[in-house]
Every structure is written in C-alpha cells, then in structure tokens.
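Inside the fold
Below, each chain spelled out in residue letters.
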Amino acid sequence: MSPKFTRKGNNGQNYPVCYGEHVLGGGVIRLWCRHQNLCTPRWIVGNYYISIDVRGSTQQVVKMMKFMLLFSRQGKVRLQQWYSATQEKEKKKIMRELITIILARKPKMCSFLEWKEYKIVYKRYASLYFCCAIEKGDNELLTLEIIHRYVELLDKYFGSVCELDIIFNFEKAYFILDELMLGGEIQETSKKNCLKAIAAQDLLQEEADATRNVLEEMGLP
Amino acid sequence: MPTVAKGDGMRGLAVFISDIRNCKSKEAEQKRINKELANIRSKFKGDKTLDGYNKKKYVCKLLFIFLLGHDIDFGHMEAVNLLSSNKYTEKQIGYLFISVLVNTDSALIRLIIQAIKNDLEARHPVHICLALQCIANIGSKEMAEALTKEIPKLIVSGETIDAVKQSACLCLLRLFRTSPETVPPGEWTQRVGHLLNDQHLGVVTSATSLIHTLAQKTPEDFKPCVQLAISRLSRIVTSSYTDLQDYTYYFVPAPWLSVKLLRLLQVYPPPEDPALRGRLNECLETILNKAQEPPKSKKVQHSNAKNAVLFEAINLIIHHDTEPSLLVRACNQLGQFLQHRETNLRYLALESMCLLASSEFSHEAVKKHMDTVITALKTERDVSVRQRAVDLLYGMCDKSNAEEIVAEMLSYLETADYSIREEMVLKVAILAEKYPVDYTWYVDTILNLIRIAGDYVSDEVWYRVIQIVINRDDVQGYAAKVVFEALQAPACHENMVKVGGYILGEFGNLIAGDQRSSPMVQFQLLHSKYHLCSAPTRGLLLSTYIKFINLFPEIKGQLQDVLRNNNNLQNADAELQQRAIEYLQLSTVASQDVLATVLEEMPPFPERESSILAKLKKKKPNVSDIEVVKEGKKSSNPPTLNNSAANTPEATPASAPVPVMAAAPAPAPVQSASDDLLGLSAGPAAAAPVTNNFAAPAAPAGGGGLLVDVFDTPPAQNNVSTALAPQAEENFFNMPSGETAPSGDASATELDGRFAIKNNGVLFENELLQIGVKAEYKGNLGRLGLFYGNKTSYPFQFFTPTVSCPGELASAMNVQTKPLDVNTVEGGAQVQQIINVECIADFVDAPILSIKFSYSGSMQQINLMLPVMLNKFFEPVEMDATSFFNRWKQLSRRPGQEEQKIFKASFPINSDTSRTKLLGFGFGLLDGVDPNPDNFVGAGIIKAQSSQVGCLLRLEPNMQAQMYRLTLRTSSKSVTTRLADLLLKLF
C-alpha cells in the first residue's frame, strides 16, 4: 500500500502517515502504519492501526444561531426569535436568567460568555441589548457583526432607530430580521438587498392600504 | 409616538401600545391588557364579518401582549385564517403570529401546512418567500414530511428568483436538521453543489450553509464541493474590497461567505490533490498575511470581520493539523492578540490557542506564551476571560512547566470566582497527577488544594491521593508527615481529616519514631477533630483507630476506650454503632497475629484511568474530545481505554476493589469473615474505602506473591483493571495494547523490573484479552502457565499463541509450547497453556509470545515478552563468612568478573523491602558476614544446562545520600553484566 498523504515531521522530513481514509458522517476512519504514534489507535490489524478521528465527529455539532433576544436596560424583552423548538416555559426561564446575567456585566467586559450549552454573544446599542445564543465553536466575532448588520438595517429603515421604533413597529423588526437571518443562518448579508426586499414589502402594503382607502371612501367596510 | 412614515398601517395597534406605555403601574397595565383581551375575544366570537384588516390588527395586538410576557390562549384560528388571505400584509402578520406563537404540536398544524403548501405554489414570489421563511423558522417533523418534496425543486430550478433560492436553501436546511430521513438524496444534491459557483453571493452564502450540513451527513456525496469551495474562497480572499460591492463588509470581502466556506472545508481532510492543496494553503496564508496589514478602517466592525475570517482559517489549520508552518504562524498571530486592547480578541485568542496546544506541531509554540497567559489569569477583569486562561494553562501544561502552572493555578484558586472553583480544583488535581515532578510534590499539591479550596474538592480528588500514596511506597512516610502537620492547623477541612485519618491509619507507624508525632499524639490529634466531623468521616476515623490498634499496641487501651464510649456504642447512626461494636470486639478477641493479618496495610490499588479525569469529562463533555485527541497524539497510550473507563462505575476508587474480591479465586476465610463484619454494601460512599481495608489483607493469602508490591508505574501511564486476574492482589504493569512491539526497550525494561522478583501476575491486558501468568522454576527448568481470558462476550476464533526465541536466545534457551486443545476461546472463558523452558546458557532477551486471533471478523495480533529472566534460574546458596570471603577473593582475578555500580536509589531505602527484593531475586542472604548490618551480602548459583555460574553480591545502601553501591562477582562476564542490569532496576 502506498501512503495516502504524507506529513512533515519535526525533523522537516516527509514521512508516510496515513494509508487510507474513509470519511463518514461520524468522523474519519483512517488506516495508519503501526509504528506511528501520531494517531488514535483503536484497532490493530496486522501492521496497521485503524483510527477514528475524534475531531471529525465534534465537527458534527450543528453550528447555527439558537435564538436572538432584544431587551431593554430595564430587562423588558422587545423581540425574541427562537430558531429551535423550545417550550414556552423553558423560553421564559432562559430569558429571565440570561437578562439578569447580562445586565449585571460591566461595559468593558468581553462580549462573549459561556452559558449552559450555549455561547452567548451580546452587544449594547443605546438602551437596547442585542443578544444571540450560538453553539460553542461557532464564530463569535461574526455573530457580533450579524447583530451590527441588523442594527444598521433597523437604523436605515427607521432613520436613526431608537427603542420606541422597535416597540411600536415590532412586527417590522421581525420582518427585517427575517430578511437577514433565517432558521438560525444568515440569509442575505448585503444591506442593499435586504432593504430592497423590505421596501418591496412596504410597497405591497401601501397598495393594499390604498385599495382599502378607496373602498372606505366608497362607504364599504 | 414616533413619526414613522412607513409600516405604520394600524392605528388601533399604535394607540393600544401607547396606552400600555402610559400605564403607571403593573396593575394598571394588567387591567388595560385584560380589557383589550376581552375586547378582542368578543370581536373574534361575535362579529362574524370581521374583515381581514381588523383580524390582522387584533392578531397583532395579541402578539404584542404575548411579547410583553403574557400568555395567549386564543386567536390562533384567526391567525391561521389570515394565512389564506390574498393580501400580502395580512398573510405576513398571520405567518409572524404562527412563527412566534404556535407550537409545532398544535392541533392547527394541518391547516397551517395546507396554507403553506398553497403559498409555495403561489404565483407571486413574495408569497413563496413567506411560506419558506415560516418553514425555515419553525419547521417541524410533520412539516418536513409534508413539504420536503417541493423544496429541492425550487432550489435547482432555473426559473426561481435568487431571493426564493436563498430562502429555499435555508428552508431545506431546517427540514434536514429536523428530520434528515425525510430529505431524500437525489439528482438535486449535485446541482446544489454547483450553487457554490452562482453569480449571486447571497445564494452562495445560503447554499454553503446547506451544503455544509448535508456534507456532514454524507461527505462522499459532496466531495466535489471541496474544489469549488476552495476556488470560491481563493477568489474572495484575493479580491479587492471594491470587487464584491455590497458583499464587502467594512472593507472585508464577503466575511460571512468566507467563514462558511472555511467551515465547509473543515468537514474534509486536507485535499489530496497537491495543486488544490497548494491553492488552499495560499488562501490560508493570504488570510494570515492580511491580519498583519494595517487596518483599512478604525471601526471595530472592520477588525471584527477580518478577525472572524482569521479565526475560522485558524480553525481549519488546526483541523488539518498537517502544516507545521501554518500552525506556528497561527500561534504567533494569536500570541499578538493575547495582549490586544480588545477584550473580545484576548478571549478568542485564549480559546483558539487551547486548540493549538493539542497539536504536536504547535504545542511548543503555545508554551512560549505561558507568562502572558498567567498574567491574564491574574489581571483580567472579566471572569469569562480568566476562565479561558485557566483552560489554556491546562491545555499547554506538560512535564516541563507543570510545576509552575500548578503553582500559579493554586495561588489563583485562593481568590478565584466561585463559579469556576470546582473545575479548577479538578484541573489542578489532574495536572498534579499527570505530570508529577515527584510524588512528594504531588502530595503537597493535593493537600494544598484541600487547604485552599476544601469545599470544592470532590471525593474523587481525595480518593485519588490516597490511591497514589498507597501505590507508591516511596512517598508514604512523607505523606504521613505532611498530613500530620496539616492536621495541626486549628481549623482544617473535613476532607483533610479524611485524608489524614486514612493515611495515618495506614502509615502512621512511619512517623511514630519522632516524639512529636508519637502514636499517642497522632491519635489525640485525630480524635480532637472527631466530634466536628460528619458521620461518614467518623466511620473512617473509627477504622483508623482499629488500624492504630494493630500499628501501636501500646495505646490499645485508649483506643478501646473511644470505641467503648457510649457515644459510639449507642450511636444513632447504625453504621457508626456497628463499627464501634465490631472493632471493639475484634480488638478484644483476636490475637495479635490475626489482628496483624486483618488490619494489614492496604495492597496497591489497581491502576486505571484517573477518576478525576472522568469527572472533568462528565462536567465538560467538550473537554473530553480535546483530551482524547491530545492523549492520542502526544502520549503513547491508547485513548480507547480512557474513553471506556470514563463511564464505568469502577472508575471510583471506592467501588474499585469490589470486583477484585469477587474475582479472587480462593477467598480466604478471613475475607469472608470481614465481609460479614462490615456488610459490604452498607454505608455511604465515604465508608467504602474503609471496607477495603478489610477486604484487602485477605487477598495475599490466596496468592504466593510478595507482600510488598515494590513497583508501580506512575498512574497516568497505566489503565488496567485486574478484575479478572488469577491473583487479584497482584497489580502488575501492563503493556498497553498498542505498545506491544517486541523490540520495545521500554517494555523490556519494565518487564525486567516487574517480574524479576515475582512469578505470578497479569502479563497483559487490554479491552479484549487478559493474560495471566504463573511460573515455577527449579534448577535450569521452568514451567509457565499462561491463562488467556476472553473479556468480551464474543468468541475469539483461530486463537493461536506461539512462542519464539529471537536471535541469540535460540541457542541459549529451549522452549516447548503445548498447543492449545481448542482454537476458539468462548466469550468470558479462560484457557490455559503450559510452556516449558530450559535454560541452556545465560541469556539477555526474553522469549516472545505472539498471539493471533480473530475477533468479530478482524484479526488481532499481540506480541509480548514472556517474563523469563536469567535470575529465574538462580538457586540460593548458604555459606559462612570464611568461605564467602575466600570465594570473593577468587572471583576478582580476571577482568569482567566484577561489576560495581554506584547509583541513586529509585525507591526509598528500606531494609526490609531490600531484603524481600533480594530474596525474590533468588539470592541466599548471608547475615552477619558484613560487619555493617545495613549492608547485604548474598550468594547464589545460576543453573544453566551448559554451565553453572556462582554469583556473589554485596549491596551497600547509603541512607544519607540515598545511594547504593552494588558489587557483583561471578565467574562469567556476561552473567555479571546481565544480573547487574536486572538488579539495578530493582533499587
């Protein structure tokens, strides 16, 4: 058998390591030469080890956003979007605990914290906290920028957005979020495209309202 | 109310929201809400002609009330009705209500699914999008079953507009995550892969998310995507920020897509095609280079996006773990971040570096940053960052820096946040055990740990220190001394009392010579804590007292007084009462001999995975993965053992000896008596080690081995259970299955040490097979009984052990192997094989046993060395001083006859132990020959068939220097050398 790939050793020389591998859903099974101690030997067959790459399976973790919360400095929830099925009771518990933890943190502290099985990424904009729960191992910095992009979209749409805009037009805040994120994954990162989609929605609404006004003028319900 | 021109369609809703905001109190708010709810209820019930607009308005109000934190138990039907409205805004509100409020197991789900189905077939793409978004956000199993078929068509059809494609990708992703079996692979899978080449970057981003998840499930199907992903990535990283227009985020080209592509690549090993691999490495290098460029913007968004891509690239580099230069560069980059002014970056750098520490290529590079990390531990103001620093220190710890890291962690522990103390305690305990500078340091560390953070020290930790002290006789005296000192503190933690009680009970005699720690003082010190302790600890102390009765007969009276004390004899706690009564009785009726047998020192614990590590793994499941990888890569241990041991109940020392007892072939009478005495299953966990005291002494009666187990491999290197051993008390070293190379020097050395003075024991054990050995020698003949035990429940087929004598050994030894009667070893069965050896001439190497068998279809091969050493063919000789000195002089004439070695003691110098070892080795000891009583003089004959070689020995210990001088004289040079080698390893 000839080596499948080689790897550079500490002495700078290439030497054979892996004689074959099979990538599976649960990881990578590799065949190794027995005198190498570099792998995770599981079974020995003749002069070969068979190993399972454990890290292959840790990659299996679904890396998506679990939920997003917007809440005020007073701890009032302004928006909640859950991307995985959660019981109502559990949601309330999570929100309560998380809001307490985040409100207690000082401004200069790190924007990430490990909490239960989640990694929490949060940032404060004026009086509102934006908070996302992601999987451990997901990209924290980019999640921070998802939040920022969302804030930018709100800002552009409402014209220097404030908490009140989100209170009075909470449904719009949801619609905008749906353009940006879907099912816990980013959908459209272009600000222009998102705003275009929202504008198209408003156009449809205005058409509907116009029809309605015409009908009302005609004395119809 | 703000003046918003757009999206302000519902005046009634705005009025209601204003009302709520104007409420002065919680009660007023509740009142206003109740009023509104009643109003909406009546509207929904009464007025059948409620139009779409009003329905939408009321549903929206309900939604608002729900978001305020109130429960909503009606209105769902109205929301579902809105779904079939042909007005977009009404539909949209309907979907929103359902996404936020409707449970996936709602009775309405069928209606909802029907509405979604209709919208998916709608003419207008915005309606399709609404339906897709709804599925993507709340998709359930039922939805998957009903709707999956439609979605792939939308993704791959040429007619679908981009926005729908994007939503459809994420919608399918959701359904696939919810129930993968409902998403059938088909022709579309290939075409989804080609979306990586799509013009529209939004489509590519969504598609990459989908492909990533699908590829995790069936990597082979999406292998062609690797190439597409690399070329896409390469185009992005080399593009200037103006190329991608609106997909450039703060001067960083398409950061989200880059991260997703890098993550997709982490599903696969490094590409085999060198060109492709080169291209990918170029990309990674470019990303690393960009990190060094001056920022294009001062905005934090710019640096965040740039570094998000960088960290994901580093993740990929770590995942591949094949490019040392990239790994080291990544490490240096992270090193810079460690001192960055942004807390977020410091946090992430600590986290990623922890992964780098597990790669053999970058481990050393990571270690360079130790001082910075220690500073972070001391100065970071945020506990979550300090936590990462602890993790990293743990990750980078190895033999070279263990002492410093453990010291730093211990000193931090004094002020550490409560939330992370327990985990830190476990980590310190593990590091101290894994990389002991020496065992006195280990004992000091653990006792410090108990002193500093006693409350956070779990049972596993103090069990472990006791196990290790018992298994290593070089540290016992020291341990007794330090626990005695620690107990003198006015306030000491109960865990300290437990450790102290146990250790003094076993080894208190080692420090009893000192007046300051005389038996009486030890007893009084312990007893002064007695009344402050909980019942399990008291039980443990009672056992210590009965052990004291054996160790220190001179204070028997006082000890019996305590046992006799009404407080104990009539204690409400049944366990304490029983112990007091039985111990008192035992001490009264049993003769000193019986007492000495029953209360003898604990035999070594079987070595297995540290129970602390198992605990840490349970606490932090994700740690274990790193741990396993790390172990697998750095140490030579097969980590499988670690994995399997982690969940077995045997992993705690408390329960460990029970299987040992159960497996002992011939239970001695004392043992069964002690069973009755204590009731094995009774008592809380803390009482269990006490029980062991009694179980243990029984075992030596069954086996012919020496009482002192003088050798123990350091615990971290050995994961062995002796549950099936023929002589259960003999806990020998075992070669891990992966390490059975017959030429391995390490195994040969250990083999010499272990079996040089013993004939019986466990020769080998892995998760499948255990091999025990029993040997007898007479003159130049030896007979070995090998016991092959199948530990699994499946048969081993074609089981063929063969013995061979490599090289020169072939002419020096005759080996006859009786073939096995059967060639199948049934599950759980044991077969025996007899091997006869005859020593013809002196030899060095041991014969090799190689075993082949087939287990569940795969061939297994194990190569071992048989424990046949030259000294096995030794016969002791008795002689008087005169004849000894005559021969001693005779044997100095020719060169090579004498071998003298001066060496540092590897084990503490103890006259009794040395005596036992020499006798076990085969020498006859000649007392009174040497004027210095501390020295040993011995004589023996090596009986080979071709020649008999007389051997004389003098061993002079030097207590002060902890050195030995060993002088050997024999008539054959090769014998002298070999015996000296063997002896050297014993002392």
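Look up: the structure comes first, before these words.
A brief report on the enclosed structure follows.

Calculation rules
Residues numbered from 1 in each chain as written. Chains lettered and ligands numbered in written order. Predicted model: local features only at pLDDT ≥ 70, side-chain atom pairs only at ≥ 80, totals over all residues. Heavy atoms only, no water. Helix = DSSP H or I, 4+ residues; strand = E, 2+ residues; numbered from the N terminus. Buried < 20%, exposed > 50% of the residue type's maximum accessible area, 1.4 Å probe, protein only. Polar contact = N/O pair within 3.5 Å; in protein donor to acceptor, adjacent residues only side chain to side chain. Contact = heavy atoms within 4.5 Å. Salt bridge = Lys/Arg side-chain N within 4 Å of Asp/Glu carboxyl O. Expected span 1.5 Å × (residues − 1). Pairing = 2+ DSSP bridges. Axes fitted to C-alpha atoms, helices over the stretch in contact; angles between N-to-C directions. Disulfide = S-S within 2.5 Å.

**A few points about the side chain of asparagine 304 of chain B**
- Tracing the sequence through the fold places asparagine 304 of chain B in helix H16 (residues 300-320).
- On the basis of relative accessibility, which here comes to 3%, the residue asparagine 304 of chain B falls in the buried class.
- At a separation of 2.8 Å, a polar atom in the side chain of asparagine 304 of chain B contacts the side chain of glutamate 145 of chain A.
- Beyond its immediate stretch of four places on either side in the chain, asparagine 304 of chain B contacts Leu141, Leu144 and Glu145 of chain A.

**Some points on the pattern of salt bridges**
- For the coordinates displayed, the defined rule picks out 50 salt bridges over all chains.
- We note a salt bridge from lysine 901 of chain B to glutamate 899 of chain B, for which the minimum N-O separation is 3.6 Å.
- Judged by its relative accessible area of 22%, lysine 901 of chain B falls in the partly exposed class.
- Salt bridges sharing common partners tie together Glu114 and Lys136 of chain A together with Arg388, Asp391, Glu423 and Lys427 of chain B.

**As for helix H27 (residues 494-507) of chain B**
- In this model H27 of chain B runs 20 Å from its N-terminal to its C-terminal C-alpha over 14 residues, within 8% of the 20 Å that 1.5 Å per residue would give.
- Counted residue by residue, H27 of chain B has 13 buried out of 14 residues, so it is predominantly covered.

**Regarding the pairing of strand E4 (residues 769-778) of chain B**
All names here are of chain B.
- In terms of burial, E4 is a largely internal element, 7 of the 10 residues being buried.
- As judged from the 4 bridges shared by strand E3 (residues 761-765) and E4, these two strands associate in the antiparallel manner. Opposite glycine 761, over in E4, you have valine 773 as the bridge partner.
- Here E3 folds back onto E4 in antiparallel fashion, the turn holding 3 residues.
- Examined bridge by bridge, E4 and strand E5 (residues 781-790) share 10 bridges and lie antiparallel to one another. Bridge pairing in E5 links glutamate 776 to arginine 783.
- In sequence, E4 turns back onto E5 through a hairpin of 2 residues, with glycine 779 there showing a positive phi of about 60°.

**Thoughts on the sheet that holds E5 of chain B**
All names here are of chain B.
- Within the open sheet, the 5 strands sit side by side as E3-E4-E5-E8-E7. Their pairing is antiparallel. Looking at the sheet topology across the chains shown, the edges are occupied by E3 and strand E7 (813-817). For this sheet, the mean angle separating the axes of adjacent strands, direction not counted, is 25°.

**Remarks on the state of the cysteines**
- Across all of its chains, the model carries 0 disulfides over all chains by this definition.
- Counting only cysteine sulfurs, cysteine 134 of chain B is the nearest neighbor of cysteine 171 of chain B, a cysteine outside any disulfide, at a range of 9.1 Å.

Without other data, these values stay purely geometric and don't point to any function.
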